[in-house]
Amino acid sequence: AEGQGMLALEEARNAITRMYSAICNQSAQGPIGGIGISLGAGEVSIKGKRKAVVKINGIAPDGPAAGTGLVQVGDVLLEVDGRDISQMDPKAAKELVKGPAGSIVRLKTQRASAPAQEFTMERSSAASSSETGSAMGAATGMVSKEPSVPEKGKEGAEKAAALHEQLSSLMKQLDDARSDMRNKVAMQSEMEQHAKQSKQTEAKSAALAKELEASNAKLAETKSKANDLNTLLDQANQKLSMMAKSGDERVVALEKEQREMEDALKTVRSKTEKQLWDLEEAQSALRLMHSAICRQAPATPVGGIGIALGTETVNIKGKQLKFAKVTQIA
């Protein structure tokens, strides 16, 4: 998009430069001539719709067009030297009609509902100076005096200077437009990069949230198993207490068994509490990392704590109990 925009601006600038050079060369070749007509904006009705056109609204009596019958006031000017001017401003169309005195201009006009006609005329320097003045004279009764050669030269120099100033201003505007387009393209590229990084951060945050959820589930499972062990211990204590009251000889053996079970349960409980502590620390670390990722810049990488969790089955007095354990450390 940037390359096409720059190319269009460069082509416009080159076209303006060529037009200015052509005007300067044209002025150097000799006086500018016309065919003695004045142009203005008009409208015609085509299938019930009004359309803007360029019309001939005046004919100088001393110009090449006068008395030929080829043009009349009210005719619509369609083309100048094969160029369609139907949508052109009348002032711009007038400049196309002008040219070096003695040169030929080809016109295409249409009168009312008659077919369009094409013809050529030779430009005259007298007609160029009288195109506006003679048309005004026909309406007011006054005829303007044709400027002298020095006056024409001065007028041409002033027009050339004004045109050069306009071209310089337009070229500056083109340069500004080019710079503005480059800035917009760079801004768009930066916005696209930020959007891409934002999507990556959202994906990492979602993965971390899933990992935190899995950790919570494992922690809940470990706590449930610890509660089951406490229940078994309470049941064993109740049974020993009842047997001690009955005076059964098996009390001694049961007390020994109770002590062994209590020692085993203490070991298991200590191990379970350590695992619970490790899991709670891991869970807290994951929460902190999740919060940090949500606040960090899009390009900041996301990490973990480098552990893998699993389960372990322990045989206690013929009963298989599962516990959570750290299976790998990176």
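The coordinates are above.
Let me begin by describing the structure that accompanies this report. What you see is a predicted model; the values in this text were computed from it and never measured.

Once that is clear, we can look at the layout of surface pockets. What the second largest pocket holds in volume is close to 320 Å³. As for the second largest pocket, its lining consists of 15 residues, and the residues nearest its centre are Leu232, Ala236, Glu257, Met261 and Lys319. Secondary structure elements with two or more residues in the lining of the second largest pocket: helix 4 (149–246), helix 5 (250–295) and strand 10 (319–329). No other element matches the 6 residues that helix 4 contributes to the lining of the second largest pocket. For the lining of the second largest pocket, a count of residues per class yields 9 nonpolar, 2 polar and 4 charged.

Bridge count between strand 2 (residues 37–46) and strand 3 (residues 49–59): 10 bridges; the pairing is antiparallel. In the strand pairing of strand 3, glycine 40 is matched with lysine 55. Between strand 2 and strand 3, which follow one another and run antiparallel, lie 2 residues, and lysine 47 among them has a positive phi close to 55°. In this structure, strand 3 lies alongside strand 4 (residues 76–80), joined through 2 bridges in antiparallel fashion. Bridge pairing in strand 4 places lysine 55 opposite valine 76.

Turning our eyes to something else, we now look at helix 2 (residues 90–97). Of all the residues in helix 2, the buried ones are Pro90, Ala93 and Val97. The arc enclosing the buried residues of helix 2, seen along the axis, measures out at 60°, which places them on a common side. For helix 2, the exposed residues lying more than 90 degrees away from the buried face are Lys91 and Glu95. Against the buried residues of helix 2 lie strand 1 (32–33), strand 2, strand 3, strand 4, strand 6 (99–100) and strand 7 (104–110).

The rules we used
- Residues numbered from 1 in each chain as written.
- Predicted model: local features only at pLDDT ≥ 70, side-chain atom pairs only at ≥ 80, totals over all residues.
- Heavy atoms only, no water.
- 1 Å grid on protein atoms, 1.4 Å probe; cavity = no way out; pocket = protein on both sides within 12 Å on 5 of 7 lines; lining within 4 Å.
- Points joined across faces, edges and corners; volume = space filled by probe spheres on them.
- Helix = DSSP H or I, 4+ residues; strand = E, 2+ residues; numbered from the N terminus.
- Nonpolar A, V, L, I, M, F, W, Y, C, P; charged D, E, K, R; others polar.
- Pairing = 2+ DSSP bridges.
- Buried < 20%, exposed > 50% of the residue type's maximum accessible area, 1.4 Å probe, protein only.
- Arc of directions from axis to C-beta.
- Contact = heavy atoms within 4.5 Å.

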